[in-house]
Amino acid sequence: MNVARGHGVLRTFSAHINVALAPSSSIRSPAVWSLTRQYAAPARGAAEEQTEDPLPPFFPRPATGPLPDLTGKSPEELQIPYDPRGRYHGAKLMRSIDVELRSRLDMDERAELFRPGSPTAVEPGSILLIEQVTSRSRPRKQVFAGVLIAIRRKGVMSNIIVRNYVLGTGVEMVFPIFSPSVSRIKVLRRITGLVKGDNMYYLRDRPSASPLGYSKIDEMVVRDREQERRTKKMQSR
Amino acid sequence: MQRLPQLPSVCLGTRLLRTTTATHARNSRAITPFTAPPSATGERPGLLHLQPAPAATYPVSDGAGPTPAPEWTSGSKRTGVVALKKGMTAIWDEWGVLTPVTVLQIVDCEVIRTRWHAGCGSYIVELGTVNHPRLHRLNKAQLYHYRRWTITPKRKMTGFKVSPDACLPTGTKLVAAHFVPGQYVDCQATSTAKGFQGVMKRWGFKGQSASHGTSLAHRSLGSTGQIDPGRVWKGKKMAGNMGNDTITVQNLRVMKIDTENNLVYVKGAVPGTDERYVRIKDAVKKGWFNKTFPEGSKVPFPTFLGDVATLPRELIPTAPASTERDPFSRQRREREL
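Residue numbers restart at each chain and count upward from 1, following the sequence in its written direction. In the order they appear in the text, chains get letters beginning with A and ligands get numbers beginning with 1. Owing to the predicted nature of the model, reporting of local features is limited to residues with pLDDT of at least 70; listing and counting of side-chain atom pairs is limited to 80 or more, with chain, interface and lining totals taken over all residues. Hydrogen atoms and water are omitted, and side-chain values are computed over all heavy atoms in the structure.

Under the annotation held in an unreviewed UniProt entry, chain B carries the name Large ribosomal subunit protein uL3m and is attributed to Powellomyces hirtus. UniProt positions are given in the numbering used here, feature names are shortened, and annotations may be inferred rather than shown by experiment. Checking UniProt for chain B, the heading Sequence similarities (unreviewed entry) contains the comment "Belongs to the universal ribosomal protein uL3 family."

Going by the annotation in an unreviewed UniProt entry, the name recorded for chain A is Ribosomal protein L19, with Powellomyces hirtus given as the source organism. The Sequence similarities (unreviewed entry) comment attached to chain A in UniProt states, word for word, "Belongs to the bacterial ribosomal protein bL19 family."

Encoded structure:
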């Protein structure tokens with residue numbers, strides 16, 4: 001499976017696998033293995049679906065109106081990284097540019113998923129499915145699902161880290177939220193209360209502390225893909 | 001040690017109490033002034049201050065005829081602009097590639113005058129940026145200069161060499177729309193000062209080993225030369241003040257232009273810290289291959305003289321040409337391997 005070629009940053013932690021996997025681990029059971037193989041290689045009939053028309057060149061939404069005036073708002077409110085130089089003269093302009101750029105790059109309101117105060121906010125521990133587009137000239141959809149372990153808020157470069165096991169190896173992928181290559185972020189299961197807006201880096205050392213077994217995530221992904229295919233067929237009819 | 005050859009007694013100059021007639025004759029012969037041979041036309045080639053200035057074209061009618069509207073050619077040299085470095089951010093370009101950009105803001109940039117500089121043999125567009133907030137801090141020479149040309153006194157005054165068809169009249173306002181999105185520029189600024197730094201940081205020397213008997217010389221210079229000439233060469237790399245130099249970064253692409261706030265988004269990094277002056281001008285090296293401006297773009301020549309309100313708030317480069325390769329596509333050679 002072509003997991004390594006994505007626009008997220010790939011990290012593998014094979015050392016952790018040897019410690020984590022017991023002989024009777026759920027990942028190696030034959031039933032789940034066949035499911036992962038299905039998930040890994042698309043069905044023969046789906047080969048035609050993979051070829052898609054090239055995407056047009058990417059442009060964010062056009063600018064409407066002047067840059068926003070953000071006087072009186074703190075960097076935490078605006079989800080901008082802390083600036084050790086304080087409130088210097090040019091900071092106002094750069095913050096306005098950052099906030100405006102985010103609102104223009106956000107095509108399907110996915111910033112609401114990661115804003116701290118929003119009602120649809122997703123917490124680390126939830127299971128996410130991310131659809132990527134490899135390139136704009138040959139846009140092949142690539143899917144990665146896993147446990148959300150961190151949300152890093154850095155303005156327009158805000159990114160999320162999603163962890164899963166692929167073919168027996170631990171894999172973490174970092175996705176910039178506002179990247180045009182990240183075509184869809186879907187919440188498969190919303191889990192709250194595990195960590196209060198913090199990260200779950202401890203999963204690297206303790207995979208058993210995961211909110212959901214990793215084999216279950218694969219099952220959820222397979223079910224989701226089937227559902228997608230069915231809805232597509234229904235719509236084409 | 002080999003001794004240096006004896007210098008002739010002439011060089012000792014005033015120390016000699018007596019000069020022989022032969023020495024005196026030799027000295028007087030050595031000081032004859034140079035006279036260039038006269039040319040057929042009567043001019044003296046090679047002496048710039050005696051060549052007449054070529055005729056300059058200003059985009060302003062002199063009352064005699066119509067307003068000249070010069071066209072940009074590959075031989076023309078436009079003026080540059082002085083901007084303030086505001087900071088850096090990231091945008092995604094037309095291919096979806098994450099691009100770091102520097103935001104440069106053009107603040108109150110006005111042409112003071114265009115003058116012919118014989119020393120460098122070209123016209124210079126003198127311009128100033130950032131209106132000075134405290135006029136009592138300017139000295140008389142500066143104040144009277146601004147008064148003579150009726151320009152608001154500025155904090156920074158500099159000049160750009162231009163070709164005769166790119167001269168600008170006094171008071172022309174330079175804006176971000178002077179640049180074409182997708183063009184290449186050279187950015188020049190004073191680099192961040194790092195203070196007194198050692199050779200490892202300043203010149204990238206490797207230092208010496210951390211253990212194995214090295215005493216008190218882990219980050220030091222080591223040897224400073226050879227037995228011959230038995231001295232240290234001029235310009236030997238040593239520790240000293242690092243940074244605070246004028247650095248030019250070439251061939252930076254203009255990713256976006258904001259006409260309302262006069263911002264130029266330039267791909268990559270620019271020397272210096274925030275709120276410092278940056279000289280931006282069209283890329284010189286790309287100009288050798290006629291690649292400074294994107295194909296088919298209209299270059300505002302000599303500068304953008306229209307109404308900024310008619311332009312959209314943001315100008316972005318046009319879609320990439322069909323011949324350009326998608327940076328995310330894998331080449332066939334890679335795939336075969």
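Let us keep going from here.
Novice: Pulling in residues and values, what's your account of the overall build of chain A?
Specialist: Working definition: helices are DSSP H or I runs of at least four residues, strands are E runs of at least two. Numbering for both runs from the N terminus. Across its full length, chain A carries 6 helices and 6 strands. Counting from the amino terminus, helix and strand elements in chain A follow one another as β-α-α-α-α-α-β-β-β-β-β-α. The classification of residues rests on relative accessible area computed with a 1.4 Å probe and restricted to protein chains. Under 20% of the type maximum is buried, over 50% is exposed, and intermediate values are partly exposed. Across the 237 residues of chain A, 43% fall into the buried class. It only takes one pair of heavy atoms within 4.5 Å for two residues to be counted as in contact. At a minimum sequence separation of 6, the contacts of chain A that also span at least 24 residues come to 68%. Computed with a 1.4 Å probe, the accessible areas rest on the Shrake-Rupley method; for each residue, only the protein chains presented here act as cover. Surface exposure of chain A reaches about 12900 Å², of which carbon and sulfur atoms provide 53%.

Novice: Explain the interface of chain B and chain A to me, and be specific about the residues and the numbers.
Specialist: Between chain B and chain A, the residue contacts involve 31 residues of the former and 33 residues of the latter. Put simply, buried area is how much 1.4 Å-probe accessible surface two parts lose in total, over both of them, once they are put together. Across the chain B/chain A interface, buried area totals approximately 2300 Å², and carbon plus sulfur atoms make up 63% of it. Each salt bridge in this description consists of a side-chain nitrogen of Lys or Arg and a carboxyl oxygen of Asp or Glu lying within 4 Å of one another. Summed over the shared surface of chain B and chain A, the result is 2 salt bridges. Here B:E314 and A:R104 are joined by a salt bridge, their closest N and O atoms 2.8 Å apart. Here a polar contact is recorded for every N or O atom pair within 3.5 Å, except that within protein the pair must consist of a potential hydrogen donor and a potential acceptor, and residues adjacent in sequence are included only if both atoms are side-chain atoms. Connecting chain B to chain A are 7 residue pairs in polar contact (both at pLDDT 80 or more).

Novice: Lay out the domain arrangement of chain A in plain terms, naming residues and giving numbers.
Specialist: All names here are of chain A. By domain assignment, chain A separates into domain 1 (64-105) and domain 2 (122-230). Each side of the interface is counted separately: domain 1 has 7 residues, and domain 2 has 5 residues. Buried area between domain 1 and domain 2, summed over both chains or domains, comes out near 590 Å², and the portion from carbon and sulfur atoms is 69%. A per-residue breakdown of the area domain 1 buries against domain 2 is headed by Q79, R102 and L105, which together make up 66% of the total. In this structure, the connection of domain 1 to domain 2 is made through 0 salt bridges. Across the domain 1-domain 2 interface, the total number found is 2 residue pairs in polar contact (both at pLDDT 80 or more). Three residue categories are used. Nonpolar comprises Ala, Val, Leu, Ile, Met, Phe, Trp, Tyr, Cys and Pro, charged comprises Asp, Glu, Lys and Arg, and polar comprises the others, including Gly. For the side of domain 1 that touches domain 2, a count of residues per class yields 4 nonpolar, 1 polar and 2 charged. All the domain ranges listed were derived from an automatic or database domain assignment.

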